[in-house]
Amino acid sequence: MIWRWLLLIALSALVAGALELIGLPAGLLLGPMIAAVALAVRGWSLGVPVLAFRSAQAAVGTLIAGSITTGIVATVADHWPVFLAVNVATLAASSVLGYLLSRWQVLPGTVAVWGSTPGAASAMVLMAQAYGADSRLVAVMTYTRVVCVAVVASVLAAVMVGGGSGHHPAATWFASVDPVAVLRTVAIAGVGAAVGVLLRLPAGALLGSLVLAGVLNVTGIAQPVLPQWLLAISYAVVGWKIGLSFTRDTLRVAGKAMPRILLSVGLLIVFCGGIAAALTRWAGIDPVTAYLASSPGGMDSVAIIAASSPVDVPFVMALQVMRFLGVLLIGPPLARFVATRQGGVPPVIPT
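Rules and cut-offs
The numbers attached to residues start from 1 for each chain and follow its sequence in the written order. Selection of residues for local features in this predicted model requires a pLDDT of at least 70, selection of side-chain atom pairs for listing and counting requires 80 or more, and totals for whole chains, interfaces and linings are taken over all residues. Based on all heavy atoms of the structure, the side-chain values leave hydrogens and waters out of the count. The secondary structure listing takes helices from DSSP runs of H or I that are at least 4 residues long and strands from runs of E that are at least 2 residues long, numbered from the N terminus. What qualifies as a polar contact is a pair of N or O atoms within 3.5 Å, subject to a donor-acceptor requirement within protein and to the restriction that residues adjacent in sequence count only when both atoms come from side chains. Residue contacts are defined here by distance: any two heavy atoms, one from each residue, within 4.5 Å place the two residues in contact. Accessibility here uses a 1.4 Å probe with only protein chains present; expressed as a share of the type maximum, an area under 20% marks a residue as buried, one over 50% as exposed, and anything in between as partly exposed. For this analysis, a nonpolar core means a set of buried residues of the types Ala, Val, Leu, Ile, Met, Phe, Trp, Tyr and Cys, connected via side-chain atoms within 4.5 Å. The length a helix should cover is 1.5 Å for every residue beyond the first. Think of each axis as a best-fit line through the C-alpha atoms, taken over the contacting stretch in the case of a helix, with angles from 0 to 180 degrees between the N-to-C directions. Our angle categories are set so that under 35 degrees counts as roughly parallel, over 145 as roughly antiparallel, 65 to 115 as roughly perpendicular, and the remainder as oblique. By convention, the crossing between two helices is left-handed when the near helix turns anticlockwise from the far helix through less than a right angle, and right-handed when the turn is clockwise. Three classes are used: nonpolar for Ala, Val, Leu, Ile, Met, Phe, Trp, Tyr, Cys and Pro, charged for Asp, Glu, Lys and Arg, and polar for all others, with Gly counted as polar. Points on a 1 Å grid over protein atoms alone make up a cavity when a 1.4 Å probe fits among them but cannot get out, and a pocket when they form an open set with protein on both sides within 12 Å along at least five of seven lines; lining residues each have an atom within 4 Å of a point. Grid points are joined across faces, edges and corners, and a volume is the space filled by probe spheres set on the points.

(A) Quick look at the side chain of Ser209. Positionally, Ser209 belongs in helix H9 (residues 204-218). Within the structure, the side chain of Ser209 is placed 2.9 Å from the backbone oxygen of Ala205, a separation counted as a polar contact. Excluding residues within four positions of it along the chain, Ser209 makes contact with Gln57, Ala58, Gly61, Thr62, Ala189, Gly192, Ala193 and Gly214.

Right under this line is the structure:
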């Protein structure tokens, strides 16, 4: 059993390194997930311990909380009518697409609803699992969209402003960090995760740590600080948890549905491009800033592209964070609605 884990770790590092090298977003998560899928479909029986998975969820939640700053809150306050209109339109479009894909049974159950939800990729996969959806297929759909959006955004940034190749900044794996700040962050993440689990929230460890760390960050009490190597391990654990659950049947279903998944992703990208054009025309926002702000990809990949391009980063991240919070609010009730409309039993949160 140990040698299987060692092989999984080595293969994960190899694939993740290759993805990071070519600048693919979320490579540290996708690499381990791909490696785990490759071994799982061969019948390897490996399982991620519950405590390790919840710890990884807490780290991801804390990482996202670091994006919720006073600057973003101020930007939202200054532009809230525009942000509200953009987010409502994007969520409405993605909800319709998810509902239709689910109604047409392109993917089973509420998978299409979770997978069509714009942004919050990691959180949506974790929450989908908590609500009884097949997180494996949700991951396939979600990260297909993330990759497509990142490619379009990177090309747009490169063509229009001559930058933003989409490549990650060089990671400083063992950069000097304040050990006290790291321990404080770990304690905050642990407390938040424990409360989220006790309250039986969907993806409780993720949401609990996100809420607690986000509040402390905005109020200036404590800023989340986690070393890069710890975040890499956390992404790997989440990727393994998803990937090790795959079977040959799962891959067959995903492959069969891929043309329609790509069509839905294309429609959502075009719709968000229309919103960006409207922001440019009537709100005076430059085209690249407008597209990055409204793009339905993951916050991490959008942040990377924005940081490497001459755009209004606070505007981009403010809209992305606001939509992320909206997704967390609308995702669960929408999934319940779809399940009920299909004649199924609304999913319940597992104990």
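From this point, things continue past the structure.
(B) Region of the structure containing the side chain of Thr75. By secondary structure assignment, the location of Thr75 is in helix H4 (residues 70-103). Using a relative accessible area of 13% as the deciding quantity, one classes Thr75 as buried.

(C) Representation of the nonpolar core. By size, the foremost hydrophobic cluster in this structure holds 88 residues, and its most contacted members are Leu8, Leu107, Trp114, Val238, Trp240 and Leu292. Tallying contributions element by element places helix H7 (residues 135-161) first for this core, with 10 residues. For Val238, the contacting residues outside a window of four places in its chain are Leu29, Phe53, Ala56, Val60 and Leu126. Formed by five residues, the second largest nonpolar core is a distinct cluster that contains Ala65, Ala213, Leu216 and Ala222.

(D) View of helix H10 (residues 228-243). Its 16 residues give H10 an end-to-end C-alpha distance of 22 Å, which sits within 8% of 22 Å, the value for a rise of 1.5 Å per residue. Along H10, the residues that are buried comprise Leu231, Ala232, Ser234, Tyr235, Ala236, Val237, Val238, Gly239, Trp240, Ile242 and Gly243.

(E) Here's a closer look at H9. Counted at 1.5 Å a residue, the expected span for H9 with its 15 residues is 21 Å, and the 21 Å between its end C-alpha atoms agrees. With respect to burial, H9 is a largely interior element, 11 of its 15 residues being buried. Residues Gly204, Ala205, Leu206, Leu207, Gly208, Ser209, Leu210, Ala213, Gly214, Leu216 and Asn217 constitute the buried set of H9. Looking at the residues trailing H9, positive phi occurs at Gly220, about 80°.

(F) Highlighting the packing of H4 against helix H11 (residues 248-282). Axis separation between H4 and H11 bottoms out at 11 Å; the angle between their running directions is 165°. Viewed along their axes, H4 and H11 adopt a mutual orientation that is roughly antiparallel. The two elements H4 and H11 meet at a crossing, and its hand is right-handed. Every residue of H11 that contacts H4 at Val82, Val86, Ala89, Thr90, Ala93, Ser94, Leu97 and Leu101 is listed here: Ser264, Leu267, Leu268, Phe271, Cys272, Ile275 and Leu279. The class makeup of the residues in the contact of H4 with H11 is 12 nonpolar, three polar and no charged.

(G) A look at empty space enclosed by the protein. Evaluated as defined, the whole model comprises three cavities of 30 Å³ or more. Each pocket or cavity is described by its volume, and for the largest cavity that value is around 70 Å³. Every residue lining the largest cavity is counted, 11 residues in all, and those nearest its centre are Ser95, Val113, Thr117, Ile330 and Leu334. Of all the elements in the fold, those that place two or more residues in the lining of the largest cavity are H4, helix H5 (111-116) and helix H14 (313-341). Of the residues that constitute the lining of the largest cavity, the class distribution is six nonpolar, five polar and no charged. By volume, the second largest cavity is sized at about 50 Å³. Taken together, Leu97, Gly115, Ser116, Met141, Arg145, Ser264, Val265 and Leu268 make up the lining of the second largest cavity. Elements represented by at least two residues in the lining of the second largest cavity include exactly H5, H7 and H11.

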